[in-house]
Amino acid sequence: MDQSLIRSESLAVAVSAGTAPSTESEALRELTEHAARRRAEELAPVLAACALRVTRGAEFAVARDALDALLRRLGSSRDDELIVRPTPHGLRVTRRGKRSLRAYDVWLDDAGEASCSCPDFAKAALGLCKHVLAVLATPRRPRGSPRAVRWDPVRPLTGPGDWLSRLWHDPRVSLPRSLAAMFQATSAARPIDPARIDESRRLATVELLLAACLGNPGLAEPAVLPQLERERAMLARQWSIRGRELDRLLRGMKQRLFPYQRDGVERFLRGGRLLLADDMGLGKTAQAIASCHALFAAGKARRAVVVAPAALKPQWAREWRAFTELPLVTVDGHPDERARIYRRRGDGVLLVNYEQLLRDLALVRNYDPDLVVLDEAQRIKNWETKTAAVVKQLEPAWRLVLTGTPMENRVEELASIMEWVDEHALEPRWRLPSWHTVRVDGRREVVGARNLDTLRQRLAPHMLRRVRGDVLAQLPPRRDLRISVELTDAQVAAHDELDLPIARLVSQARRRPLTQAEFLQLMRLLNQQRMICNGMALRDFVEAWPTLERAGRRSDRMLAKLDSPKLVEFRDRITDLVVTQQRKVVVFSQWRRMLRLAAWVTADVLARAGLRAAFFTGEETQRRRTENLVAFHDDPDTRVLFATDAGGVGLNLQRAASCCINLDLPWNPAVLEQRIGRIFRMGQSQPVDIYNLVAASGIEDRIAGLVGDKRALFVGLFDGTSDEVQFDSAGSFMTRMHELTRPVLPATDTELEAADDAVDRPDDSLDPDEVEAPPPPAAATAEGTAARATLDVNDLASWMSGIQVRQLDGGRVALELPRSAATALGDLLRALATAVEGSPSTPP
């Protein structure tokens, strides 16, 4: 027991009424008794005094947390069976029988103060670590000779807490003149001169001190040298990049960055490590791609790894191709295939998902990337998860972390993410809960947060966050954002179960035109797959809804039972857009039932914020619809309007909302544009954001490509001036259906691979769940009816290529096309009119 560690300074202990000791002596006694009860009898007074000393100025609850942190280290010291050996300059501590593991230097001065070269001593701000505690438990431990360069390991409760500012010179030991000039002369101790550690002189100061310490091992206490080495490595990464140089490095990018995005890239390149926490929708992916492009162009990186959720890998690949020619290889396949990819790629960028990283950590480490980009980094918000542990074993020089939600519930989540970017930013970890939260009784229920200025100061060097309001003037008039959502196992099973009957109908269509009944059956099955992509709760709505209506809480367990990751994602988006950003949002779905589920999922989120939602689905009375629209326009607390495509025509919402969320994509791009046109029209004064939620696998993902091609034709024909429009893929509707469905049929069905293009159906936007097959016209013969139900037109791309468009006066357009194309187009329009006559007046 070392009583010299009990300091005599007056320790101010702020006390919460009725929950903590009223005097310093009582606090010391209570902490000592607590330590003794935890099997620390001999060192209890030392630990209690240390806990009070390192939390001077804080409440008793903080001191209690400090004592618990010390007790954990004492337990670890005992469990590890640490042994202490003398060295010429102090002591060395290592584990018994583990000489291959790293040993750490420990030093005790004649006043009982300690220092250790281990990382925990530098980060924990306790003045003790398990190695020092092992020394304190050793009988007749030797005292070290005084050291000239000393360091206070206790990080202040507030302020930036710069470690270098806590260096000081013990005047009992002389310093070389070059070093002595760094410290201020005082009567007792000589603190380092603040001018020596500002940005302009910091590197020179660190290098001078480091050289002196390496040349004289007994000059500084053990904790100083590893801190200097870490600081030099961080400063060496910094890149004084200038505007013109950044312009040169970004040359070759296919798209221009917005000014705030360019600032984000520059900020990352300057520091080498960054937590980019921009608001949702501000283009974190684009900034990451541009950063990779620049680092490879500058020759500072030859190998990179992008880690993203599995559902977002296709989205990353699309974005990558849209922004840069830099090659990106998506890592997929069984273990042997993935291993071959890592071995083949000498240089370049690999795209992996978190699950693969868990399995392939050794391969990724052998790949030795210079740069790692971590997307949706909330995956490592919990220190205790295997994902967090694996990610933090990656040690690239350049680290870019992306997340729009760096903290969801507790400040410890932010600290876990930040640890991989800057391991000292939010240390000590043990102090975060008690020092940065307000609790009812000082111990349990959290009722607020505090000391946020300190958090901001310590995050500032390596974190960048811009919210939408910060960059409003830079945003484009409209942004379409695709949000990929992964399916659950239940969704995948139900979706795939329909593949075979769908594939048989598509295969049939490649042999002969489908009858109208067969075509409607095909559309019905495809729509069932689309509903499954929205969630099993939508497919099984009749059974699921009564239970949901009775449920009061929207717990994680309840949300998981929906088997609808879309609804979980939607809940997060509403929280961010409506509650945090305070925007009004129009939410579209083809299915009224999907909107009811979406309203249920977000009801508690809106209620807690005192907000409301309204409906416009065609199901309400005319009076109720009018009231809902008035409320959405004029009531600041009515923030969400749930609408089916009945709300996609004729509504003017541009003065109310600036955001649209599509829970599902319609087949027809014109319907999609009608939805968006409710807010993106004349009179809209804000940039508009369109969020399209798309299931990452299955039919819906492929529909997104189909809709994109159809929209390209629409825009190219009516809005464009170019002579050509390039599609991602080509073919008639049934051929495209063949691609969409990816049929799985028995190997004996050779017709499945037939090259014959099938019939192009007149209207692929029908909703078969509500539509009966339209009767043939009265005057039609049986033969004529069959002909109309099985149109035989050529491939859409081939006959549309013959259309010539001429501009006429007054904004009119003239179409000139060959007779064959005109005939096919006429048949198509007549069939479409017949189908529309049988469609419902209101959507499902």
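Residues numbered from 1 in each chain as written. Predicted model: local features only at pLDDT ≥ 70, side-chain atom pairs only at ≥ 80, totals over all residues. Heavy atoms only, no water.

1. Details of helix α13 (residues 335–344)
No. 1: The set of residues buried in α13 consists of Arg338, Ala339, Ile341 and Tyr342. An end-on view of α13 places all buried positions within 155° of arc, on one side of the element. Exposed and facing more than 90 degrees away from the buried side of α13 are Arg343 and Arg344.
No. 2: Buried residues along α13 sit in contact with β10 (328–330), β11 (348–353) and α14 (354–367). (Buried < 20%, exposed > 50% of the residue type's maximum accessible area, 1.4 Å probe, protein only. Helix = DSSP H or I, 4+ residues; strand = E, 2+ residues; numbered from the N terminus. Arc of directions from axis to C-beta. Contact = heavy atoms within 4.5 Å.)

2. Here's the deal with unusual backbone geometry
No. 1: Glutamate 427 connects to proline 428 through a cis peptide bond whose omega is 5°.
No. 2: For glutamate 376, which is not glycine, the phi torsion reads 50° and is therefore positive.
No. 3: With respect to the secondary-structure elements, glutamate 376 resides in the loop between β12 (371–374) and α15 (386–391).
No. 4: Phi is positive for glutamine 582, which is not a glycine, with a value near 60°.
No. 5: Tracing the chain through its elements places glutamine 582 in the loop between α25 (565–580) and β18 (585–588).

3. What to know about the sheet that holds strand β6 (residues 167–169)
No. 1: In spatial order, the strands read β5-β6-β7; together these 3 strands make up an open sheet with antiparallel pairing. Lying at the two open borders of the sheet, with one neighbouring strand each, are β5 (149–151) and β7 (190–191). (Pairing = 2+ DSSP bridges.)

4. Considerations on α14
Along an α-helix, a turn takes 3.6 residues, which lines up residues three or four apart on a common side.
No. 1: Across its 14 residues, α14 extends only 16 Å between first and last C-alpha, which sits more than 12% below the 20 Å expected from 1.5 Å per residue.
No. 2: If you look at α14, its biggest bend is around 85°, right at aspartate 360.
No. 3: For α14, every residue scored as buried is listed here: Tyr354, Gln356, Leu357, Asp360, Leu361, Val364 and Tyr367.
No. 4: Elements in contact with the buried residues of α14: β9 (303–308), α12 (313–323), α13, β11, β12 and α15.
No. 5: Backbone geometry just after α14 places aspartate 368 at a positive phi near 55°. (Expected span 1.5 Å × (residues − 1). Bend = angle between axes of the 7 residues up to and from the residue.)

5. Considerations on the state of the cysteines
No. 1: By the definition in use, this model includes 0 disulfides.
No. 2: Here cysteine 116 is not cross-linked by a disulfide; its sulfur's nearest cysteine counterpart is in cysteine 118, at 3.6 Å.
No. 3: Accessibility expressed as a relative area gives 1% for cysteine 116, which makes it buried. (Disulfide = S-S within 2.5 Å.)

6. Quick notes on the nonpolar core
No. 1: If you look at the biggest cluster of nonpolar residues, it comprises 71 residues, and the most contacted ones within it are Leu47 and Leu167.
No. 2: No other element matches helix α3 (residues 60–79), which puts 9 residues into this core.
No. 3: Ranked by size, the runner-up nonpolar core spans 37 residues in total, among them Val265, Leu276, Val373 and Leu402. (Core = buried A, V, L, I, M, F, W, Y, C linked by side-chain atoms within 4.5 Å.)

7. Side note on the packing of α13 against α14
No. 1: One can describe the packing of α13 onto α14 by two numbers: an axis separation of 10 Å at closest approach and a directional angle of 25°. One way to sum up the angle between α13 and α14 is to call them roughly parallel. Both α13 and α14 take part in a crossing whose hand is right-handed. In this structure, α13 uses Arg338, Ala339 and Tyr342 to contact α14, whose residues at the interface are Gln356, Arg359, Asp360, Leu363, Val364 and Tyr367.
No. 2: Residue composition of the contact of α13 with α14, grouped by class: 5 nonpolar, 1 polar and 3 charged. (Axes fitted to C-alpha atoms, helices over the stretch in contact; angles between N-to-C directions. Parallel < 35°, antiparallel > 145°, perpendicular 65-115°, else oblique. Left-handed = near helix turned anticlockwise from the far one by under 90°. Nonpolar A, V, L, I, M, F, W, Y, C, P; charged D, E, K, R; others polar.)

8. Concerning the pairing of strand β22 (residues 688–695)
No. 1: Of all the 8 residues making up β22, 8 are buried; the element is thus mostly covered by neighbouring parts of the structure.
No. 2: By the alternation rule, side chains of β22 split into Val688, Ile690, Asn692 and Val694 and Asp689, Tyr691, Leu693 and Ala695, which are all buried.
No. 3: Bridging between strand β21 (residues 659–662) and β22 involves 4 bridges; their strand directions are parallel. If you follow cysteine 660 over to β22, its bridge partner there is isoleucine 690.
No. 4: Traced from β21 through helix α28 (residues 669–676) to β22, the parallel crossover comes out right-handed. (Right-handed = clockwise from strand over helix to strand, strands pointing away.)

9. Some thoughts on the sheet that holds β22
No. 1: Reading across from one edge, β17-β22-β21-β18-β20-β19 is the order of the 6 strands in this open sheet, with parallel pairing throughout. The open sheet has two edge strands with one neighbour each: β17 (478–485) and β19 (612–616). Mean inter-strand twist for the sheet, computed between neighbouring axes without regard to direction, equals 20°.
No. 2: As judged from the 4 bridges shared by β18 and strand β20 (residues 638–643), these two strands associate in the parallel manner.

10. Points about the environment of threonine 138
No. 1: By the secondary structure assignment, threonine 138 is in the loop between α5 (130–136) and β5.
No. 2: Put simply, threonine 138 and valine 84 are 54 residues apart on the chain and 7.9 Å apart in space, counted from C-alpha to C-alpha.
No. 3: There is a polar contact of 2.8 Å between the side chain of threonine 138 and the backbone oxygen of alanine 134. (Polar contact = N/O pair within 3.5 Å; in protein donor to acceptor, adjacent residues only side chain to side chain.)

11. Concerning the side chain of arginine 530
No. 1: Looking at where arginine 530 falls in the secondary structure, it is placed in helix α21 (residues 516–534).
No. 2: Buried charge without a salt bridge: arginine 530, with aspartate 664 as the nearest opposite-charge side chain at an N-O distance of 4.7 Å.
No. 3: Here the side chain of arginine 530 touches glutamine 590 through a polar contact of 3.0 Å, side chain to side chain. (Lys, Arg positive; Asp, Glu negative; His and termini not counted. Salt bridge = Lys/Arg side-chain N within 4 Å of Asp/Glu carboxyl O.)

12. Examining the packing of aromatic side chains
No. 1: Enumeration over the complete set of coordinates arrives at 8 aromatic pairs.
No. 2: Ring centres of phenylalanine 258 and tyrosine 260 lie 6.2 Å apart, and the angle between their planes is 10°; on these two criteria the pair is classed as stacked.
No. 3: In this structure phenylalanine 258 comes out as partly exposed when scored by relative accessible area, which is 26%.
No. 4: Owing to a relative accessible area of 2%, tyrosine 260 belongs among the buried residues under this scheme.
No. 5: The ring of tryptophan 383 has arginine 429 lying over it, and the distance from NZ or CZ to the ring centre is 3.8 Å. (Phe/Tyr/Trp six-rings, centres within 6.5 Å; stacked < 30°, edge-to-face > 60°. Lys NZ or Arg CZ within 6 Å of the ring centre and 35° of its normal.)

13. A word on the packing of helix α19 (residues 489–497) against helix α20 (residues 499–511)
No. 1: Where α19 meets α20, the closest approach of the two axes is 5 Å, and the angle between their N-to-C directions is 30°. If you check the angle between α19 and α20, you find them roughly parallel. Residues His495, Asp496 and Glu497 of α19 touch α20, and the partners they reach there are Asp499, Leu500 and Pro501.
No. 2: Taken together, the residues that form the contact of α19 with α20 break down as 2 nonpolar, 1 polar and 3 charged.

14. Observations regarding the confidence of the model for the protein chain
No. 1: Residue-level pLDDT values for the protein chain average 81, and 79% of them are 70 or greater.
No. 2: Across residues 1–18 the pLDDT falls below 50, and counting only partners more than four positions away or on other chains, this stretch makes 42 contacts in the model.
No. 3: Segment residues 833–844: pLDDT under 50, and 22 contacts once partners within four positions in sequence are set aside and those in other chains are kept. (pLDDT = per-residue confidence, 0-100.)

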